[in-house]
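Survey of secondary and tertiary structure
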Amino acid sequence: MGSTTLVFGASGQLGQCLQHVAKERHLSSLVFLPEDQANILNVAALQAVFAQYQPGYVINCAAYTAVDKAEDEVEIARKVNRDGAENLARLCSEYGATFIHISTDFVFAGTGNTPLLETDEAAPISVYGLTKLEGEQVIPAHTSQYFILRTSWLYSEYAGNFVKTMLRFGREREELKVIWDQAGTPTYAIDLAGCILTIIESQSQQYGIYHYSNEGLTSWYDFAVAIFELSNTPVRTLPIRTAEYPTKATRPAYSVMDKTKAKTQLGVAIPHWRDSLKVCLSRLEA
Ligand SMILES: NC(=O)C1=CN([C@@H]2O[C@H](COP(=O)(O)OP(=O)(O)OC[C@H]3O[C@@H](n4cnc5c(N)ncnc54)[C@H](OP(=O)(O)O)[C@@H]3O)[C@@H](O)[C@H]2O)C=CC1
Ligand SMILES: Cc1cn([C@H]2C[C@H](O)[C@@H](COP(=O)(O)OP(=O)(O)O[C@H]3O[C@@H](C)C(=O)[C@@H](O)[C@H]3O)O2)c(=O)[nH]c1=O
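A brief look at the structure comes next. (Residues numbered from 1 in each chain as written. Chains lettered and ligands numbered in written order. Predicted model: local features only at pLDDT ≥ 70, side-chain atom pairs only at ≥ 80, totals over all residues.)

1. Some points on the overall build of the protein
- When you go through the protein residue by residue, the secondary structure sums to nine helices and twelve strands.
- A compact globule built from 286 residues should have a C-alpha radius of gyration of about 19 Å, and the protein, at 18 Å, falls within 12% of that.
- Evaluated residue by residue, the protein yields a buried proportion of 44% over its 286 residues.
- Summarising the internal contacts of the protein: among those between residues at least 6 apart in sequence, 85% fall at separations of at least 24. (Helix = DSSP H or I, 4+ residues; strand = E, 2+ residues; numbered from the N terminus. Rg over C-alpha atoms; globule rule 2.2 N^0.38 Å. Buried ≥ 20, exposed ≤ 12 C-beta atoms within 10 Å, placed from the backbone. Contact = placed C-beta atoms within 7 Å.)

2. Points about the packing of helix α7 (residues 220-230) against helix α9 (residues 273-285)
- The N-to-C vectors of α7 and α9 enclose an angle of 45°; their axes lie 10 Å apart at closest approach. Considering the angle they form, α7 stands oblique to α9. At the point where α7 passes α9, the crossing takes the right-handed sense. From α7, A226, I227 and L230 reach across to α9, where they touch R274, L277, K278 and L281.
- Grouping the amino acids of the contact of α7 with α9 by side-chain chemistry returns five nonpolar, no polar and two charged. (Axes fitted to C-alpha atoms, helices over the stretch in contact; angles between N-to-C directions. Parallel < 35°, antiparallel > 145°, perpendicular 65-115°, else oblique. Left-handed = near helix turned anticlockwise from the far one by under 90°. Nonpolar A, V, L, I, M, F, W, Y, C, P; charged D, E, K, R; others polar.)

3. Description of the site of ligand 1
- In the region of ligand 1, 24 residues are neighbours, and G9, G12, Q13, A62 and A63 sit closest.
- Listing elements by their share of the shell around ligand 1, those giving two or more residues are α1 (13-24), α3 (74-95) and β4 (98-104).
- Taken together, the residues that form the shell around ligand 1 break down as twelve nonpolar, ten polar and two charged. (Near = placed C-beta within 6 Å.)

4. With respect to the environment of Y158
- Summarising the element assignment, Y158 is placed in the loop between β6 (154-155) and α5 (162-172).
- Sequence separation between Y158 and I190 is 32 residues; the distance between their C-alpha atoms is 9.7 Å.
- Apart from the residues within four sequence positions on either side, Y158 is in contact with Q13, Q16 and C17.

5. Here's the deal with the site of ligand 2
- Taken together, 18 residues are adjacent to ligand 2, and V67, T104, V178, I179 and W220 come closest.
- Elements supplying a minimum of two residues to the shell around ligand 2: α5 and β7 (175-179).
- The leading source of residues in the shell around ligand 2 is β7, at four residues.

6. Looking at helix α4 (residues 127-138)
- In this model, α4 (twelve residues) spans 16 Å end to end at C-alpha, consistent with the 16 Å of a helix rising 1.5 Å per residue.
- Burial analysis of α4 places nine of its twelve residues in the buried class, which makes it a mostly covered element.
- For α4, every residue scored as buried is listed here: V127, Y128, G129, L130, T131, K132, L133, G135 and E136.
- Where α4 is buried, its residues meet α3, β4 and β5 (146-151). (Expected span 1.5 Å × (residues − 1).)

7. Some points on the sheet that holds strand β3 (residues 57-60)
- Here six strands make up an open sheet; going across it, the order is β2-β1-β3-β4-β5-β10 and the pairing parallel. Edge positions in the open sheet fall to β2 (30-33) and β10 (208-211), since each of these has one partner strand only. Sheet twist, expressed as the average angle between the axes of neighbouring strands with direction ignored, equals 20°.
- In terms of strand pairing, β5 meets β10 through four bridges, oriented parallel. Residue pairing in the sheet places R150 in a bridge with H211 of β10.
- On the sheet, α1 packs against β1 (5-8), β2, β3 and β4 and is oriented at approximately 155° with respect to β2. (Pairing = 2+ DSSP bridges.)

Put into structure tokens, the structure is as follows:
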């Protein structure tokens, strides 16, 4: 097994967070591959990259993440989220590399009201969620050496995300309406990147599916209120129901995930969402 870690989808939000945390931890064995250098749908290009680097670990940050657009672009969403994952899993198996793949709380229907376990039934209600589930399901057909980390509501200083959208709207608008009847947990992508790198640094062999978000739970409305409060942004924020904010894709009403397995088997400490939000906002302000 090689000592190099290949990161696919490196210019996305999580890819950039991994670069940040790898630098902080002085890890030099990661190779960051943006889409133009390694498209996960281009099998010949992938074969060349694996042959060149002989990786010990592969992290898949590449995904089709446009939740509403996916409803009209099923084919391309499925290609990236399912076929791309399969291409990487197959090559990981061939090279004996451990595969770390990222999935989502949107694999759940969200009809319950207790924190979701890894063993709970996945029943996606959107094309994005469905294609991400298909990606999860195809991996074990190729390799048993995998970690699938389901995360939720990712934000950070990097790329586009809810926190940055709210800060922009806060500057541009006097009033905002935000959904309060969807409950979940925000995840600072820097914390998730730390979890991924801990798996690699500890050489964990506790393979399988894990839930990883920050601690606690909130609604998009309460998250927005916290963003405005902690960033001293004076904008009137009104709670609305999902029905008052029509979107192409349906989102789960409740997608809070139980992280006991990650904490016990991977030994990761998980900050509360509000504490991590403060860190992110202070970095955005700096
Ligand atoms: N963002 C969120 O709120 C959440 C995300 N997740 C999951 O976390 C992971 C990381 O998400 P995040 O970083 O936020 O997403 P981003 O959309 O920021 O990043 C995804 C990256 O993948 C790239 N990409 C798309 N297609 C390909 C391809 N064929 N080959 C190589 N790269 C490709 C994109 O490039 P380009 O932009 O040029 O298309 C983009 O840089 C994903 O698996 C996502 O499903 C899970 C829960 C919440
Ligand atoms: C911008 C905005 C959004 N909303 C709502 C819509 C939606 O229910 C929620 C979040 O909207 P966004 O479009 O920012 O986020 P969305 O694309 O739904 O986020 C999801 O992305 C994928 C990739 C995931 O895997 C999920 O975990 C989740 O993070 O907030 C408002 O109520 N008011 C607003 O002004």
